[in-house]
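Each chain, letter by letter, is given below.
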Amino acid sequence: MLAAQEQQRSSTFSEGEKVPARTWRNMPSFYNLTGSRCNGCSHLEFPKAAACRKCGSQDLSEHSFSGTGKIETYTIIRQPFNEEGMAEQLVCSSPYAIAIVRLDEGPMITAQLADCEAGEIAIGKPVKAVLRKISEGGDDGLIRYGYKFVLA
Ligand SMILES: [Zn+2]
């Protein structure tokens, strides 16, 4: 999912265009788990939304999530990531775990679990977000950081 989110964000740039490092550095969602709070109904979203999914209001404020939550579900990826050129860039090796984490504030977020063995992971276990290196190298030579979760 994180790779999918990154790909989705990258797709806002034209094909072949380099994404400037400042673009990534200015993405608070990746660094601070910043989402949005609806000023009409208080619904929370992560990542930031253009409009509230609950009431449709576009009157939203930034909301920084605590970064703590519980594992809603997870999977262990045993097949190495195989997209050309990406395997060397991603800072993880299989097997690795991807979890859907329900943040204490309610929204769910998909992220990699770090610093744990597969046998330690269980649905319902508390986790907390940490800032980690996601990838490095590639054509643009950028080091990309983002959130992962560790067992709390
Ligand atoms: Zn709302």
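Bear in mind the structure is a predicted one, so any value in this text is a computation, not a measurement. Here the residue index of a chain counts from 1 through its sequence in written order. Totals for whole chains, interfaces and linings use every residue, but because this is a predicted model, local features are given only for residues with pLDDT of at least 70 and side-chain atom pairs only at 80 or more, for both listing and counting.

1. A word on the confidence of the model for the protein
What counts, and what does not: Looking at any residue, its pLDDT shows the predictor's confidence there, from 0 to 100. In this description, any two residues whose backbone-derived C-beta atoms lie within 7 Å of each other are considered to be in contact.
Per-residue confidence for the protein gives a mean pLDDT of 81, with 72% of residues at or over 70. Counting contacts from residues 1-15, a segment whose pLDDT is below 50, to residues more than four positions away or on other chains yields nine contacts.

2. A short note on the nonpolar core
Where we set the bar: Residues of type Ala, Val, Leu, Ile, Met, Phe, Trp, Tyr and Cys that are buried and joined through C-beta atoms within 7 Å form what is called a nonpolar core. Labels follow a simple rule on C-beta atoms placed from the backbone: if 20 or more others lie within 10 Å of a residue's own, it is buried; if 12 or fewer, it is exposed; otherwise it is partly exposed. Runs of H or I in DSSP of at least four residues are treated as helices and runs of E of at least two as strands, each being numbered from the N terminus.
Grouped together as the largest cluster of nonpolar side chains are 15 residues, with contacts concentrated most on A99, V101, A111, Y147 and F149. Elements supplying a minimum of two residues to this core: β5 (96-103), β6 (108-113), β7 (126-136) and β8 (143-151). Residue contributions to this core peak at four residues, all from β5. The contact partners of V101, leaving out residues within four places of it in the chain, are G69, K70, I71, E72, M108, I109, A111, V127 and F149.

3. Let's talk about the sheet that holds strand β3 (residues 60-64)
So the rule is basically this: Strand pairing is assigned whenever DSSP detects at least two bridges linking the two strands.
A sheet is described by the order of its strands in space; here three strands give the open sequence β2-β1-β3, paired in antiparallel fashion. Single-partner strands in this sheet number two, and they are β2 (44-45) and β3. Looking at chain direction, strand β1 (residues 34-38) and β2 are connected through two bridges and run antiparallel. Looking at β2, one finds that R37 is bridged to L44.

4. Examining the environment of A129
Summarising the element assignment, A129 is placed in strand β7. The exposure class assigned to A129 is buried, which follows from the 22 C-beta atoms found within 10 Å. Counting along the chain gives 18 residues from A129 to A111, while the straight-line C-alpha distance between them is 9.2 Å. Among all residues touching A129, those that are not within four sequence positions of it are L33, G67, Y147 and F149.

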